[in-house]
Amino acid sequence: MGKYFGTDGIRGVAGAVLDAELAFKVGRAAAMVIEKKDEAQLKVLIAKDTRISCDMLEAALSAGLCSAGANVNLLGVLPTPAAAYLTIKTQADMGIVISASHNSYEHNGIKIFGGNGYKLSDALEEKIEHLVDHVEGIPEFVNGKFGCISQDHGFWTKEYVNYVASAAVGGRFKGRIAIDCANGAATETARLIFRQIGAEFEIGFDEPNGININEACGSTHLGYLEDMMKTGRFSLGIAFDGDADRCLIVDELGNTIDGDMMLCVLSKNMQEAGTLKGDGFVGTVVSNAGMEVFAKDNGMKFYRADVGDRNVLERMLELGCNLGGESSGHVIFSDEATTGDGQLTAVKFLNALTKSGKKASELVADIPRFPQVMPSFKLTGGAQQRDAIMAHPKLQTELLKYEKILDGNGRVFIRPSGTEPIIRVLVEAKTEQQATEIADHFLNVMGML
């Protein structure tokens, strides 16, 4: 991770860590770093979610870009994957999304895509960071070389909706769906997409007010969908996060179908259709070990990548796989998209469910699952405390100790978050009680370091 860029762009509290001045500098620096596709002025698309700080950051970014000669097209409120798709569709040189994904409203972020729709490489992010800190290296633009700003929100929304809806195949889903839009970027597009594919649905948390994004809703708070399933009126629940690049499913019994389980369902469906590439699919280092068992039982290979959808995508490209994702609900279909897309994933899952003729709970019933707990240790001392804990001999000794105790029947995996001031602890064991006890032990160990 760099000074400003983390595992998923720049992230921080709006107005403090991520203020208008920094956004202006990032826009100006990015305009100098990104290569133009032709001799015309740089063309940049900007999308945003529904946070109250998005307008401020959009204005600052746009000003920075225009001051360095780039033309800006404002897409309005759209999911992160829509910006990636439209960057390619419109042959833009760069796409930017203002969003902090699943974080609460006071946070915000800046994600940047190149003209190919992929997130920027570490090398390009480093160049942007250098220019942000050395603005004197950016030449002044005068005499009419400034960029201009344009917008046509409705047209590009329709383009993206049509693209996602076109993935629906095999007939209309016959059940009723409850949808949680997290008061975020899917608020408008989800209604249009599910209406276009002919689904019967009911939408909740689709009234953003600038501060209620992800508030007790969305893919990190599934209580609403669990309650909806208890009414007996729904066959399925779908939850998106703030920028709709991920989704989670709740089956008709109120149980969660996470990204790992969706990958198993989708890989089997693609295998049967003859469209699965690379002999398997990609998960992450925190994916449930049951996925390895599932892949082996179904004649597929399961590969692991570092956490982060960019890392998953890099591993997919390396292996020639066209399916990968994370347990959090980021799923990438690389034949169709360059990043995770929650709404595309939902449509693909509905395809598989409709084809199977089963209920959602039945579709995932045979997927092996190891009991797994994932608590977090909150950091109060920033990067210095994080690095000290991760490198402490006591923590390393305890990890080796429990590797021997579990003896192949589980694992302990500890990693710092790239987007939040926490260290994540993942424990898999024979029983949930054992996993919880081990996780509590490691939280206590880190608390004493």
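Notes on the structure in this doc start here. (Residues numbered from 1 in each chain as written. Predicted model: local features only at pLDDT ≥ 70, side-chain atom pairs only at ≥ 80, totals over all residues. Heavy atoms only, no water.)

The subject of this paragraph is the overall build of the chain. The helix and strand inventory of the chain stands at 15 helices and 20 strands. For the chain, the C-alpha radius of gyration of 22 Å lies close to 22 Å, the compact-globule estimate for 449 residues. Here the C-alpha coordinates of the chain stretch approximately 70 × 55 × 40 Å along the principal axes. The buried share of the chain, taken over its 449 residues, is 56%. (Helix = DSSP H or I, 4+ residues; strand = E, 2+ residues; numbered from the N terminus. Rg over C-alpha atoms; globule rule 2.2 N^0.38 Å. Buried < 20%, exposed > 50% of the residue type's maximum accessible area, 1.4 Å probe, protein only.)

This part is about the pairing of strand 19 (residues 411-416). Two strands pair when backbone bridges link them, and strand 19 and strand 20 (residues 422-428) are joined in this way by 6 bridges, in the antiparallel orientation. Directly across from valine 412, in strand 20, lies its bridge partner valine 427. In this antiparallel pair of consecutive strands, strand 19 and strand 20, the connection spans 5 residues. (Pairing = 2+ DSSP bridges.)

The next thing to look at is the pattern of salt bridges. According to the stated counting rule, one finds 30 salt bridges in the structure shown. A salt bridge links arginine 11 to aspartate 8, with the shortest nitrogen-to-oxygen separation between them at 3.3 Å. Here the two residues arginine 11 and aspartate 8 agree in accessibility, since each one is buried. Ionic pairing is found between aspartate 227 and lysine 230, a salt bridge with its closest N-O pair at 3.9 Å. With aspartate 227 and lysine 230 both in helix 7 (residues 223-230), this residue pair falls 3 residues apart, about one helical turn. Residues joined in a network through salt bridges with shared partners are Asp8, Arg11, Lys111, Lys119, Asp243, Asp245 and Asp309. (Salt bridge = Lys/Arg side-chain N within 4 Å of Asp/Glu carboxyl O.)

Here we take up helix 11 (residues 342-356). At 3.6 residues per turn, the α-helix brings residues three or four places apart onto the same side. Between the first and last C-alpha of helix 11 there are 21 Å, a value that for 15 residues agrees with the 21 Å anticipated at 1.5 Å per step. Counting buried positions along helix 11 yields 12 of 15 residues, so the element is predominantly enclosed. You can read the cap of helix 11 off the contacts: a side-chain oxygen lies 3.1 Å from the backbone nitrogen of glutamine 343, and it is on aspartate 341. Glycine 357 lies just past helix 11 and shows a positive phi near 75 degrees. (Expected span 1.5 Å × (residues − 1). Polar contact = N/O pair within 3.5 Å; in protein donor to acceptor, adjacent residues only side chain to side chain.)

Two modes of strand pairing occur in sheets, parallel and antiparallel, and in both the strands are linked by backbone hydrogen bonds. Judged by pairing direction, the sheet is mixed, and its 5 strands sit side by side in the order 9-8-10-11-12 without closing on themselves. Each of the sheet's edge strands pairs with one partner strand only, and the pair in question is strand 9 (200-204) and strand 12 (256-257). The sheet contact formed by strand 8 (residues 176-180) and strand 10 (residues 236-240) spans 4 bridges and is parallel. Bridged to isoleucine 177 within strand 10 is leucine 236.

Residues Ile177, Phe194, Ile238, Phe240, Phe281, Leu323 and Phe349 are the most contacted members of the largest nonpolar core, which totals 77 residues. By size, the runner-up hydrophobic cluster in this structure holds 35 residues, among which are Phe5, Ala68, Leu74 and Ile128. (Core = buried A, V, L, I, M, F, W, Y, C linked by side-chain atoms within 4.5 Å.)

This next bit is on unusual backbone geometry. With phi around 55 degrees, serine 101 is a residue other than glycine that occupies positive phi space. For alanine 216, which is not glycine, the phi torsion reads 55 degrees and is therefore positive.

Between two packed helices, the angle of one axis relative to the other and the distance separating the axes together describe the packing. Packing of helix 5 (residues 153-165) against helix 6 (residues 186-196) leaves a shortest axis separation of 9 Å and a crossing angle of 45 degrees. Relative to helix 6, the element helix 5 lies oblique. For helix 5 against helix 6, the interelement crossing comes out right-handed. Seen from helix 5, the contacting residues are Thr157, Tyr160, Val161, Asn162, Val164 and Ala165; seen from helix 6, they are Glu188, Thr189, Leu192, Ile193 and Gln196. Residue composition of the contact of helix 5 with helix 6, by class: 6 nonpolar, 4 polar and 1 charged. (Axes fitted to C-alpha atoms, helices over the stretch in contact; angles between N-to-C directions. Parallel < 35°, antiparallel > 145°, perpendicular 65-115°, else oblique. Left-handed = near helix turned anticlockwise from the far one by under 90°. Contact = heavy atoms within 4.5 Å. Nonpolar A, V, L, I, M, F, W, Y, C, P; charged D, E, K, R; others polar.)

This paragraph deals with a nonpolar patch on the surface. Together, Ile52, Tyr105 and Ile211 make up an exposed nonpolar region whose accessible area comes to about 280 Å². Structurally, tyrosine 105 is set in the loop between strand 5 (94-98) and strand 6 (107-114). You can call tyrosine 105 partly exposed: its relative accessible area is 34%. (Patch = residues over 30% accessible without salt bridge, like charges linked within 9 Å, V, L, I, M, F, W, Y side chains within 5 Å. Areas by Shrake-Rupley, 256 points an atom, 1.4 Å probe, with all protein chains shown as cover.)

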